[in-house]
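# Chain and residue survey
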Amino acid sequence: MFLTYNNIRQIFIWPLGGEPDKRIYSFVTHKMRVAMLRNLLRISAVVLFLGMILFMATAVLEDLSGNFQQQRLDFESTFASFNNETGADHFIVPNIIHLIRFSQPEFSFIDYICIQAAFRNHRPDHFYIHTNEAGRKFRGKYWELIERDLELRSRIRILPLEPPSEIFGQEIPPDLRPFHGGDIARIRTIMKYGGIYLDNDVYVIKNLDKYRKYEIAINWDKDQFLGTQVIIANRRARFLAMWLDSYREYHPELWYYNAGERPTTEILYRYPELVHRVKVQFGADISLSLNLYVEKKFDWRPLDTIHLMINHRSYMDPYYNETPSFDENVIKTYPYPFGEMAREMVAASGMNNFINAKK
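Residues numbered from 1 in each chain as written. Predicted model: local features only at pLDDT ≥ 70, side-chain atom pairs only at ≥ 80, totals over all residues. Heavy atoms only, no water.

Another point: the pairing of strand β2 (residues 126-131). Along β2, five of the six residues are buried, which leaves the element largely enclosed by surrounding structure. Where strand β1 (residues 96-101) meets β2, six bridges bridge the pair, whose relative direction is parallel. Its bridge partner being in β2, L99 is matched across the sheet by I129. Following the backbone out of β1, through helix α3 (residues 109-122) and into the adjacent parallel β2, one traces a crossover that is right-handed. In this sheet, strand β3 (residues 156-160) lies alongside β2 in parallel orientation, the contact comprising five bridges. Bridge pairing in β3 links F127 to I156. (Buried < 20%, exposed > 50% of the residue type's maximum accessible area, 1.4 Å probe, protein only. Helix = DSSP H or I, 4+ residues; strand = E, 2+ residues; numbered from the N terminus. Pairing = 2+ DSSP bridges. Right-handed = clockwise from strand over helix to strand, strands pointing away.)

Here's what the structure looks like:
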């Protein structure tokens, strides 16, 4: 508000009751206007400064918010005093399912059923499919069905990954790279991201969140070597680095030596506290898998996951020749437990609706 001539007349006490000189009035009002302009500029500068501070604070808070979850997931840089029996009071493993597909461009019916089971029974935030396929593209009828399932497809990220050709300077024979290389790749993948690694033929039966509170949860049945079909781990889990380092003595001629035997006998026998030991519940035992194809009354539902052992049926399943492969038509009448499991996912996924819509 600017002072008027009458305001100044009231403020100043003039001798003899005279009127203030209008030149004084002009001078005073000019000075006051200059002063008010300076104050306005100062206030504007302060507001601008505070705005910048608020903007920077907001950016910092957003960054902190983005990193907060990862910081909680990392929990401790070394897990030196972590108790893998009781676990943490919050999730320390990201809710990401990792699948590795080396030289497997086409999705099979089993691939479809298993990814649907993982999606619907666990509900991950994301699937990371690591592959060496050119252009990171898959093909086939069942991949097309996944593409049509928009809720599932929106959670899938396809990432490039080549199978390792060597480990610590030791060559991995070309014919073993999808297998031994895959064993190494799953360790490195979990060390990079953390999360839940699943073999492509692992069927998830129940939500796996209860295992996300441990440094690492892995199948280790009584009197057996560890199983690598399901690995649920923080990326900084101590066992992962030791497991990878054990490949400094690599024996390509021994199928499961580096993946399971050596890390069990040379690391876990000495330091069992490094892992949360899962017995039976991950369904890695061959006898459990066999029941899916030979025991009609086998109750698979109490398990958390089960390995379908689909690539081993030819010598393991005595009825293999009767049903050498599966699809949505074969499983309609398949009388063994896998038939029930597959039918559930066909129904839950709306697979037939997608097929009919395509027709």
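What follows is about the layout of surface pockets. When its volume is computed, the largest pocket comes out at roughly 1,300 Å³. Considering the residues around the largest pocket, the lining is formed by 42 residues, among which D199, D201, H307, N311 and H312 are closest to the centre. Counting only elements with at least two residues in the lining of the largest pocket, the list comes to β1, α3, α6 (180-193), β9 (227-233) and α10 (313-316). Broken down by element, the lining of the largest pocket gets its largest block of residues, four residues, from α6. (1 Å grid on protein atoms, 1.4 Å probe; cavity = no way out; pocket = protein on both sides within 12 Å on 5 of 7 lines; lining within 4 Å. Points joined across faces, edges and corners; volume = space filled by probe spheres on them.)

Once that is clear, we can look at the pattern of salt bridges. With the rule as written, the count across this model stands at 19 salt bridges. Across the pair E151 and R123 runs a salt bridge whose closest N-O atoms are separated by 2.7 Å. Of this pair, E151 sits in helix α5 (residues 150-153) while R123 is found in the loop between α3 and β2, placing the two residues 28 residues apart along the sequence. The class of R123 is partly exposed, set by a relative accessible area of 32%. One salt bridge in this structure joins R238 and E215, with 2.8 Å as the shortest N-O distance. Here the residue R238 occupies a position in helix α7 (residues 238-245), and E215 occupies one in the loop between β7 (202-204) and β8 (216-219), the gap between them amounting to 23 residues. (Salt bridge = Lys/Arg side-chain N within 4 Å of Asp/Glu carboxyl O.)

A positive phi is found at S103, a non-glycine position, where the angle reads about 55°. Structurally, S103 can be placed in the loop between β1 and α3. Positive phi is not limited to glycine here, since D223 has a value of about 60°. Here D223 shows up in the loop between β8 and β9.

It is worth spelling out the environment of A118 at this point. In this fold, A118 is placed in helix α3. In this structure, the C-alpha to C-alpha distance between A118 and K206, residues 88 residues apart in sequence, is 8.6 Å. Excluding its chain neighbours within four sequence positions, the residues that come into contact with A118 are I97, R123, P124, F127, L198 and V204. (Contact = heavy atoms within 4.5 Å.)

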